[in-house]
Amino acid sequence: MNSDTRKTGSIRYLYYCYFCQMTKFTGLLLLLFGVLTFAQDGTRVYEFVNITTSPRQAALGGNAQSMWDGDPNMSYWNPALASEMSHGFVAFNYINYLADVNFGTLSGVYQYDDYNFFSLHAQYVDYGDFRGYDENDVPTADFTAKDLAISLGYAHRLSDFFTVGASVKYINSRIESYSSQAVAADFGLVFHDVDYNTNVSLAVRNLGFQIQTYAGTKEKMPLQINLGLSQRLEHVPLELSLTLHDLQKFDISMPYDENGNETKFGRKFIDHVSLGAELFPGQGFNLRLGYNFKRGNELKIEDHRTFAGLTYGFGIRINAFRFDFAHANYYKGSNTNHFGLTVNLDRLIQGRNYWRSNPYY
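### Describing the pairing of strand β10 (residues 273-279)
Alright, step 1. By the bridge criterion, seven bridges tie strand β9 (residues 238-244) to β10 in an arrangement that is antiparallel. Across the sheet, residue L240 finds its bridge partner in β10, namely A277.
Alright, step 2. Where β10 and strand β11 (residues 285-292) come together, six bridges link them in antiparallel fashion. Bridge assignment links L275 to a residue of β11, and that residue is Y291.
Alright, step 3. The hairpin formed by β10 and β11 contains five residues between the paired strands, and F280 there has a positive phi angle of roughly 60 degrees.

Laid out in structure tokens, this is it:
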């Protein structure tokens, strides 16, 4: 057998393996979507674990979660997104949320070896101080409300194209004298093709149960199933993202639109979609733009241009530090600002030696 024949056989074998992996991945997606058709949910608890966590995610439409790069925040939304590119990165984020609610998050990724990765995430919500009244409208003691979640994730690279991941999450919530605790798990699968800069991310989040209820009544966990796609263009420094969020239930829309008409199929479908675009991905300066259809549809006002659903932001990298900012439009009376700081610990510790071994990061 000559060298050309062996080379042709090797190429055919690689394409065969690639085809088999894609077939398995597609089959898994079809199976999950079949299950989703019958999934239902209602009033749920701990919804804060589904709030946008980072400025980058916020600027890309609020639900982006398919970027397989050096962003440690992404592995919170899909534990399989932890990779060697995000190893050694720690991110701190702060959001001045609606009604002066303070929301902060922490994310970090550690690479154990070529195939195994760990991630750690924490988020904290302070809803502020409240004035207490009894059923007769008589003032009582003031009180506070706070939420906390801590997540430990693990990712394993199956091949050059697929990574799987899982995480376990502890949730604690306190309102006045009432408190509640729960444990939950997230599961993720990522297809990443570095040659074509294509990423597909599937995540099933917040599967779990309450350990302690607020007042003796168990409530539903905030189950969330998301499918994301990101594509970095070859000849333009631009990465596009599309996310189908909250697939655990088809109808997540308001029952009636802004004109009082019953919400139709097209509106119910598009409310699952958010779009994003990032200019100069992976570089020292980034510009980001996104749109969240559900937010835009539900918060728009007839005959008024509010830009609800529109999001935008930027990122600047200075040595070992990256500063990120995003602004999200809700309605004229209230918008949100997101602030983030990501630290490359390896670069911070190694200094100039890091530049020699990693000239592009």
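### Notes on the nonpolar core
Alright, step 1. Core analysis: the biggest nonpolar cluster contains 17 residues, and Y46, F48, V49, I171 and M221 have the highest contact counts within it.
Alright, step 2. Every element with two or more residues in this core is listed here: α3 (74-77) and β6 (178-193).
Alright, step 3. In this structure, F162, F191, L202 and V204 belong to the second largest nonpolar core, which totals nine residues.

### Quick notes on the side chain of Q57
Alright, step 1. Inspection of the secondary structure puts Q57 in helix α2 (residues 55-59).
Alright, step 2. Excluding its chain neighbours within four sequence positions, the residues that come into contact with Q57 are T52, G62, N63, A64, Q65, M74 and W77.

### Describing the pattern of salt bridges
Alright, step 1. Counting across every chain of the model gives 13 salt bridges.
Alright, step 2. E298 is the partner of K294 in a salt bridge, and the nearest nitrogen-oxygen pair spans 3.0 Å. Note that K294 and E298 are positioned in helix α5 (residues 293-299) at a spacing of four residues, about one turn of the helix.
Alright, step 3. E298 sits in the partly exposed class, given a relative accessible area of 27%.
Alright, step 4. The structure contains a network of salt bridges with shared partners spanning R56, D69, D71, R232, E239, E278, R288 and D324.

### A few points about the packing of aromatic side chains
Think of a pair of aromatic rings as described by two things: how far the centres are apart, and how the planes are tilted against each other in angle.
Alright, step 1. For the structure on display, the rule yields 10 aromatic pairs.
Alright, step 2. Measuring from centroid to centroid gives 5.4 Å for F118 and Y154, while their planes differ by 50 degrees, and the two rings are tilted. Of this pair, F118 sits in strand β3 (residues 116-130) while Y154 sits in strand β4 (residues 143-157), and the two are 36 residues apart along the sequence.
Alright, step 3. Taking the relative accessible area as the measure of exposure, F118 reaches 34% and is therefore partly exposed.
Alright, step 4. Directly above the ring of Y330 sits R295, whose terminal nitrogen or CZ lies 4.5 Å from the centroid.

### Looking at unusual backbone geometry
Alright, step 1. For N197, which is not a glycine, the phi torsion comes out positive at approximately 55 degrees.
Alright, step 2. Relative to the assigned elements, N197 resides in the loop between β6 and β7 (198-212).
Alright, step 3. Classification of N197 as partly exposed rests on a relative accessible area of 33%.
Alright, step 4. Here the phi dihedral of N206 falls at roughly 65 degrees; this positive angle occurs in a residue that is not glycine.
Alright, step 5. Within the secondary structure layout, N206 lies in strand β7.

### Digging into a nonpolar patch on the surface
Alright, step 1. A cluster of nonpolar side chains, contributed by L120, Y124, L148, I150, L152, V168 and Y170, occupies part of the molecular surface with about 590 Å² of accessible area.
Alright, step 2. Put simply, the parts of the chain that give the nonpolar patch at least two residues each are β3, β4 and β5 (162-175).
Alright, step 3. For the nonpolar patch, the leading source of residues is β4, giving three residues.
Alright, step 4. Mapped onto the secondary structure, L120 falls in strand β3.
Alright, step 5. Overall, L120 belongs to the partly exposed group, its relative accessible area being 45%.

### Things to note about the confidence of the model for the chain
Alright, step 1. Counting all residues, the mean pLDDT for the chain is 86, and 85% of those residues have values of 70 or more.
Alright, step 2. With pLDDT under 50 throughout, residues 2-42 is counted as low confidence; its partners more than four residues away or in other chains account for 30 contacts.

### Describing the environment of R44
Alright, step 1. Considering the arrangement of structural elements, one finds R44 in the loop between α1 (3-36) and α2.
Alright, step 2. Along the primary structure R44 and M221 are separated by 177 residues, whereas in three dimensions their C-alpha atoms are 5.7 Å apart.
Alright, step 3. The contact partners of R44, leaving out residues within four places of it in the chain, are N50, K220, M221, P222, L223 and Q248.
Alright, step 4. A distance of 2.8 Å separates polar atoms of two side chains, one belonging to R44 and the other to E47.
Alright, step 5. Within the structure, R44 has its side chain in polar contact with the backbone oxygen of L223 (distance 2.5 Å).

Basis of the calculations
- All residue numbers here refer to positions counted from 1 along the written sequence of the relevant chain.
- Per-residue local features are limited, in this predicted model, to residues with pLDDT of at least 70; the limit for side-chain atom pairs, both in listing and counting, is 80 or more; totals at the level of whole chains, interfaces and linings are taken over all residues.
- Heavy atoms from the whole structure form the basis of all side-chain values; hydrogens and water molecules are not counted.
- One bridge is not enough; two strands pair if DSSP finds at least two bridges between them.
- Runs of H or I in DSSP of at least four residues are treated as helices and runs of E of at least two as strands, each being numbered from the N terminus.
- Nonpolar cores are built from buried Ala, Val, Leu, Ile, Met, Phe, Trp, Tyr and Cys residues. Side-chain atoms within 4.5 Å join them into one set.
- Any residue under 20% of the maximum accessible area for its type is buried, any over 50% is exposed, and the rest in between are partly exposed; the area is computed with a 1.4 Å probe on protein chains only.
- By definition in these notes, contact holds between two residues if any of their heavy atoms fall within 4.5 Å.
- Here, a salt bridge means any side-chain nitrogen of Lys or Arg that lies within 4 Å of a carboxyl oxygen of Asp or Glu.
- Classification of ring pairs rests on two measures: the distance between centres of Phe, Tyr or Trp rings, Trp counted by its six-membered ring, which must be within 6.5 Å, and the angle between planes, read as stacked under 30 degrees, edge-to-face over 60 and tilted in between.
- Comment: the charge-over-ring label is applied if NZ (Lys) or CZ (Arg) is within 6 Å of the ring centre and within 35 degrees of the ring normal.
- Nonpolar side chains (Val, Leu, Ile, Met, Phe, Trp, Tyr) are joined into patches within 5 Å and like charges within 9 Å, using only residues with over 30% relative accessible area and no salt bridge.
- In short, Shrake-Rupley with a 1.4 Å probe defines the accessible areas, and a residue's cover is counted only from the protein chains shown.
- Values of pLDDT, the confidence the predictor places in each residue, fall between 0 and 100.
- Two N or O atoms form a polar contact when they lie within 3.5 Å of each other; inside protein one atom must be a possible hydrogen donor and the other a possible acceptor, and for residues adjacent in sequence the pair counts only when both atoms belong to side chains.

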